[in-house]
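An overview of the molecular structure
Now for the letters of each chain:
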2 protein chains.
Amino acid sequence: MAAPRISKAAFERTLPALRDELLSLQTKLHTSKDCAVAVIIAGTPAAGRSETVNELLEWLDPKHIGVHALGAPSRDERRFPPLWRYWQKLPARGRVTFFFAGWYGEYLSGLIKGSNSKRGDERSVQRILQLENMLIRDRVRVVKIYLHTDEQTQRRRIAQLRASKLTRWRVTKEDRWQAKHFDRVERVVRSCLSATDHKAAPWHRVDGTDEEYRLLTVGKILRDEISAGLQPSTQKRLSWPREKSVKVTTLDVLQPQRPLDDDEYERQLETLQGRLARLVRKTGFCKHGLVLAFEGMDAAGKGGAIRRVTHALDARQYQVVPISAPTPEDLLHPYLWRFWRHIPAQGAITIFDRSWYGRVLVERVRDLTPEADWKRAYAEIVEFERQLTEQGLRVAKFWLAVSKEEQLRRFKARDDDPLKRFKVDREDWANRRHYDEYQIAASEMIRRTDADDARWTLVPADDKKHARLTVLKTVCDTLER
Amino acid sequence: MAAPRISKAAFERTLPALRDELLSLQTKLHTSKDCAVAVIIAGTPAAGRSETVNELLEWLDPKHIGVHALGAPSRDERRFPPLWRYWQKLPARGRVTFFFAGWYGEYLSGLIKGSNSKRGDERSVQRILQLENMLIRDRVRVVKIYLHTDEQTQRRRIAQLRASKLTRWRVTKEDRWQAKHFDRVERVVRSCLSATDHKAAPWHRVDGTDEEYRLLTVGKILRDEISAGLQPSTQKRLSWPREKSVKVTTLDVLQPQRPLDDDEYERQLETLQGRLARLVRKTGFCKHGLVLAFEGMDAAGKGGAIRRVTHALDARQYQVVPISAPTPEDLLHPYLWRFWRHIPAQGAITIFDRSWYGRVLVERVRDLTPEADWKRAYAEIVEFERQLTEQGLRVAKFWLAVSKEEQLRRFKARDDDPLKRFKVDREDWANRRHYDEYQIAASEMIRRTDADDARWTLVPADDKKHARLTVLKTVCDTLER
């Protein structure tokens, strides 16, 4: 079958209108900030990947464009979950970013080399599909383009590129290996594309043999995708798998009766802190790392519990990240973006004082996020934490349950203490009026996101001493598992 | 001389009040966002550096604190100017950050090992003093603490640490080397501290032998420094070296008379783009890199000139960074912070569409920044660019000079073109009313910041073709130098 062609004359006739359209769509995109566009450019060697991106950058305004060719992960990058480095580079709404191979990079090159396990492949596909579905729902348009040529064209082009000193560097060892195994690559790529082709983000296979055809086709794909991204209605057409129904009840946490005397508390605290200090200094810990998420009503004692944990840690090893309302920059990115930024490398510890669960707590209760969005967050969060634990990170999550009466008592005590008065503001009193709704939200959150590797611990928090010991003991147990 | 001591009893008596003070100052700091605090903790091995930071983290609210022990630069980090990685970690206003050794790290360890050149040392000191002076003026309080003990104490502590399996890891090879060469280290450190001791950021030498004395002393230093940082008046006491006076005139740019015909232009353009393409693909370029800054009145043709440059580049090699008004996050950091974030590694290219020169252009003309601040920016910018060129980066800066008449013509033409109408907004017309003041500001900027390694090129821009060719030719010449 002959490769599709467009004559130079037809190209010149069509181009000006297409460029105008693209530029005006990009302007609309940038001013409205309605969505972001992530373009994956993959393809066989010498099919014109970089030429295409270079040309598109000529047609668009490069100020609002990012280009990333991440290559194989470096040693430092390997200490993070595989998708971490793509999260760092995701476009903010209003921007277009081109990724060479993008999150298909490691998966595809392993597939071609035959070095992936079957289970690993399945998981890679699952991770990719989940990521793309989430991005689309968080208003990132995902455009996937695969450029290819026939074997003869590829061979000819590689020979041409290698003939000149100026272009020789562009043909890598991997390219030559792939060219030698043309049929195998073709077969493997077909299976990858079909496994990751879905309605919301289909693959566009574009024949790269004829330059004019390739450029116009890719240009039109980009035009249609940006244009679709700017239609608010397209977001709604997507359907999300039905959730299992959860019986919703308020959390009823039994507070312990027996108070602990100070000596007993100090003794146990010291023992646990010693145990924790030893655990994080074990040589094996450098293959792991720790993520702690603290949730609970205002004045539940999150800060105090966190201090008892950090007391056992070295300052160089951990960071405490307070989570409050998202900044304007955060709001231009997918929801989980601001948390991915703080994920520790292997060997390090991040303690979140409030966390990504705000999505299904405050954002749900105070009606800050549409129901469809916070509802899908349960599955997204489970997948997010799974990616952390797959990397060896230990994850523990705490709900510090304070009763309505004890909370009131603490608010009043803080109001009387000049040093702590700043801790209770109008927002806290407003949240308190929603106490029961928070209990319902927390109850559903715990049921839906309690995973084997990322457990919730329900901590009765009316008695601070008991609460702190429970937290410390759980952290130690999590590390010993 | 006996090491200073504080009894346990006296310590327990003093501590609660000090902790209260520190916590309340930290709260003030965090709520007012009046300044940031960068604490350098340096010292001899086993003098209690990490113990001190751990303890301070107990006293303060760890949510608003950062801790960085950066160690020797990694291979990736070496591709950036030495201070680059500290800029990435600078605290935002409202926060306290502890740096272990901080920007003294490489300098001090080279000094101790005797591996620095005399000229290198002088330059290191100069860079440090300049950085600290700038930070202080940009409302970052710089607190420098050096902990030390006598030789006997050090030897005893190192033996103790090495005796237990749990603490042995804390004694590095470098620590043991330093302990063996106690006198040499002491002598060298004295010279370093005295060279970098200045009124605005003095060194605090603290005897670390007695734990209680050490903690209270450091705690009090921190209290006094935060408290001083919260006094707005302290900023004004600093004096900045007198500048040489510059005769201020408006820029009078001679626009070329001879128009270029299209064929001639295309031919020259292609030749220059080919030359540029070859230059950035030379193997030597990976030791360099390129920073281009484009300035000029609205409609001077910056975007068009930038496109003619990027046309010769590969999309994976460059990024175009548009600079507009600083974000709220930018405003919490020292002025140059947002530009440091985009500095390319060796081998890469960053093109700034407007730049750090906004400080002495729009911020000066539109009265957005106090005179004292934009006046000191000249020297700060020269130093900033010097650090780039020292790293091997080539720097070229362009002022695209458009006449008042031509600017008006372009504004009107844009208004008539539906695709370009977005490019002229009310702000542009407002800037145009200040045309003459911009000329004065640009003239002074060029005279004060034209450095041998980071040249200004004055580009007559009424004729777009001439302007684009001049820019391309200058970029090529800069790379060939």
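Residues numbered from 1 in each chain as written. Chains lettered and ligands numbered in written order. Predicted model: local features only at pLDDT ≥ 70, side-chain atom pairs only at ≥ 80, totals over all residues. Heavy atoms only, no water.

**Examining the overall build of chain A**
Broken down by element type, chain A carries 20 helices and ten strands. Reported as C-alpha extents along the three principal axes, the dimensions of chain A are approximately 85 × 45 × 40 Å. Counting over 481 residues, chain A shows a buried share of 54%. Here the analysis covers contacts within chain A between residues at least 6 apart in sequence; of these, 82% occur between residues at least 24 apart. Element-wise, carbon and sulfur atoms account for 50% of the exposed surface of chain A, whose accessible area totals about 22,400 Å². Measuring between centres, the 88 positive side-chain charges of chain A sit 4 Å from its 68 negative side-chain charges. (Helix = DSSP H or I, 4+ residues; strand = E, 2+ residues; numbered from the N terminus. Buried < 20%, exposed > 50% of the residue type's maximum accessible area, 1.4 Å probe, protein only. Contact = heavy atoms within 4.5 Å. Areas by Shrake-Rupley, 256 points an atom, 1.4 Å probe, with all protein chains shown as cover. Lys, Arg positive; Asp, Glu negative; His and termini not counted. Charge placed at Lys NZ, Arg CZ, Asp CG, Glu CD.)

**Quick look at the interface of chain B and chain A**
Of the residues lining the interface, 39 residues belong to chain B; the matching set on chain A comes to 38 residues. Seen at the junction of chain B and chain A, the total is two salt bridges. Here Asp353 of chain A makes a salt bridge to Lys63 of chain B, at a shortest N to O gap of 3.6 Å. Inspection of the region where chain B meets chain A yields eleven residue pairs in polar contact (both at pLDDT 80 or more). Here the side of chain B that touches chain A gets six residues from one element, more than from any other, and that element is helix H2 (residues 49-59) of chain B. (Salt bridge = Lys/Arg side-chain N within 4 Å of Asp/Glu carboxyl O. Polar contact = N/O pair within 3.5 Å; in protein donor to acceptor, adjacent residues only side chain to side chain.)

**With respect to the relation of the copies chain B and chain A**
Taken together, a rotation about one axis and a shift along it account for how the two chain copies relate. With an RMSD of 0.0 Å, chain B superimposes on chain A once it is rotated by 180 degrees and translated 0.0 Å along the axis. On this basis, the relationship between the two copies can be described by a two-fold rotation axis. The overlap is high: 97% of the interface residues of chain B also sit at the interface in chain A, so the same surface is used on both sides. (Least-squares fit on C-alpha atoms with pLDDT ≥ 70 in both.)

**Here's the deal with the packing of aromatic side chains**
Taken as a whole, this structure holds 34 aromatic pairs over all chains when the rule is applied. Relative to Trp356 of chain A, the ring of Phe339 of chain A lies with its centre 5.8 Å away and its plane at 75 degrees, an arrangement referred to as edge-to-face. Pair noted here: Phe339 of chain A is in helix H14 (residues 337-340) and Trp356 of chain A is in the loop between strand S8 (349-353) and helix H15 (362-365), with a separation of 17 residues, a long-range link. By relative accessible area, Trp356 of chain A is classed as buried at 0%. Across from the ring centre of Trp177 of chain A, 5.1 Å away, lies the NZ or CZ of Lys113 of chain A, which sits over that ring. Its guanidinium or amino end placed over the ring of Phe100 of chain B, Arg316 of chain A lies 4.7 Å from that ring's centre, counting from NZ or CZ. (Phe/Tyr/Trp six-rings, centres within 6.5 Å; stacked < 30°, edge-to-face > 60°. Lys NZ or Arg CZ within 6 Å of the ring centre and 35° of its normal.)

**Section: a negative patch on the surface**
Together, Asp261, Asp263, Glu266 and Glu270 of chain A give the surface a local cluster of negative charge. Overall, Glu270 of chain A belongs to the exposed group, its relative accessible area being 60%. (Patch = residues over 30% accessible without salt bridge, like charges linked within 9 Å, V, L, I, M, F, W, Y side chains within 5 Å.)

**Concerning the packing of helix H7 (residues 173-180) of chain A against helix H8 (residues 182-195) of chain A**
Residue and element names in this part refer to chain A. With their axes 5 Å apart at the nearest point, H7 and H8 run at an angle of 95 degrees to one another. Accordingly, the angle class assigned to the pair H7 and H8 is roughly perpendicular. Along its contact with H7, which presents Trp177, Gln178, Ala179 and Lys180, the element H8 presents Phe182, Arg184 and Val185. Of the residues assigned to the contact of H7 with H8, the class counts are four nonpolar, one polar and two charged. (Axes fitted to C-alpha atoms, helices over the stretch in contact; angles between N-to-C directions. Parallel < 35°, antiparallel > 145°, perpendicular 65-115°, else oblique. Nonpolar A, V, L, I, M, F, W, Y, C, P; charged D, E, K, R; others polar.)

**With respect to the sheet that holds strand S6 (residues 290-296) of chain B**
Residue and element names in this part refer to chain B. Spatial ordering of the open sheet is given by S7-S8-S6-S9-S10, a layout of five strands whose pairing is parallel. Looking at strand neighbours, the two that pair on one side only are strand S7 (318-322) and strand S10 (454-460), the edges of this open sheet. Across the sheet, the mean angle separating the axes of adjacent strands is 20 degrees when strand polarity is ignored. Note that S6 and strand S8 (residues 349-353) share five bridges and pair parallel. Across the sheet, the residue bridging to Leu290 is Ile349, located in S8. Contacts from helix H20 (residues 464-480) reach S6, strand S9 (394-401) and S10, with the element oriented near 165 degrees to S9. (Pairing = 2+ DSSP bridges.)

**Looking at unusual backbone geometry**
All names here are of chain A. Residue Arg354 is not a glycine yet carries a positive backbone phi of 70 degrees. Note on placement: Arg354 falls in the loop between S8 and H15. With a phi angle near 65 degrees, Asp367 is a residue other than glycine that sits in the positive phi range. With respect to the helices, strands and loops of the structure, Asp367 is situated in the loop between H15 and helix H16 (371-390).

**Description of the environment of Gln273 of chain A**
Residues and elements named next belong to chain A. Within the element layout of this structure, Gln273 appears in helix H11 (residues 262-281). Gln273 sits 65 residues away from Gly208 along the chain, and the two C-alpha atoms are 62 Å apart. Residues within four places of Gln273 in sequence aside, it is in contact with Arg308, His311, Ala312 and Leu472.

**Some words on the packing of helix H6 (residues 151-163) of chain A against H7 of chain A**
All names here are of chain A. In the contact formed by H6 and H7, the axes pass within 10 Å of each other and the chain directions differ by 150 degrees. Considered as vectors, H6 and H7 are oriented roughly antiparallel to each other. By crossing handedness, the relation of H6 to H7 is classed as left-handed. Taken together, the residues of H7 that come into contact with H6 (itself represented by Glu151, Gln154, Ile158 and Arg162) are Asp175, Arg176 and Ala179. Of the residues assigned to the contact of H6 with H7, the class counts are two nonpolar, one polar and four charged. (Left-handed = near helix turned anticlockwise from the far one by under 90°.)

**Focus on the sheet that holds strand S1 (residues 36-43) of chain B**
By definition, the strands of a sheet pair up through backbone hydrogen bonds, in either a parallel or an antiparallel sense. Residues and elements named next belong to chain B. Pairing is parallel in the open sheet, where five strands are placed in the order S2-S3-S1-S4-S5. Among the strands making up the open sheet, the edge pair consists of strand S2 (65-68) and strand S5 (203-207). For this sheet, the mean angle separating the axes of adjacent strands, direction not counted, is 20 degrees. Relative to S5, strand S4 (residues 140-148) is paired through five bridges, and the arrangement is parallel. By the bridge assignment for S5, His148 is matched with Asp207. In this fold helix H8 (residues 182-195) packs onto S4 and S5, with an angle of close to 150 degrees to the strand it touches most, S5.

**Describing the pairing of S8 of chain B**
Along S8 of chain B, five of the five residues are buried, which leaves the element largely enclosed by surrounding structure. Residues Ile349, Ile351 and Asp353 of chain B line one face of S8 of chain B and the alternating positions Thr350 and Phe352 of chain B line the opposite face, and both faces are buried.

**Here we look at the environment of Asp197 of chain B**
Residue and element names in this part refer to chain B. Assignment of secondary structure puts Asp197 in the loop between H8 and S5. The class of Asp197 is partly exposed, set by a relative accessible area of 39%. The sequence separation of Asp197 and Leu129 amounts to 68 residues, and the corresponding C-alpha distance is 8.7 Å. Excluding its chain neighbours within four sequence positions, the residues that come into contact with Asp197 are Pro202 and Trp203. Side-chain polar atoms of Asp197 contact the backbone nitrogen of Trp203, separated by 2.7 Å.

**Let's talk about the confidence of the model for chain A**
Residues shown with low pLDDT carry predicted positions that ought not to be read at fine detail. Residues and elements named next belong to chain A. A residue-level look at chain A finds 95% of positions with pLDDT of 70 or above and a mean pLDDT of 91. In this model residues 234-241 is a low-confidence stretch, pLDDT under 50, and it forms 14 contacts with partners more than four residues away in sequence or in other chains. In the predicted complex, the global pTM is 0.82; the interface-specific ipTM is 0.73. (pLDDT = per-residue confidence, 0-100.)

**Concerning the environment of Leu472 of chain B**
Residues and elements named next belong to chain B. Here Leu472 shows up in helix H20. Looking at Leu472, the relative accessible area reads 0%, which means it is buried. Taking the C-alpha atoms as reference points, Leu472 and Leu276, separated by 196 residues in sequence, lie 7.8 Å from one another. The contact partners of Leu472, leaving out residues within four places of it in the chain, are Leu269, Leu272, Gln273, Leu276, Arg308 and Val309.

**A closer look at the pairing of S2 of chain B**
Residue and element names in this part refer to chain B. In terms of strand pairing, S2 meets strand S3 (residues 96-100) through four bridges, oriented parallel. Within S3, the residue paired with Gly66 across the bridge is Thr97. In this view, the connection linking S2 to its parallel neighbour S3 by way of helix H3 (residues 84-89) has right-handed handedness. (Right-handed = clockwise from strand over helix to strand, strands pointing away.)

**Points about helix H12 (residues 302-310) of chain B**
Within H12 of chain B, seven of the nine residues are buried, leaving the element largely enclosed by the surrounding structure. For H12 of chain B, the full list of buried residues reads Lys302, Gly304, Ala305, Ile306, Arg307, Val309 and Thr310 of chain B.

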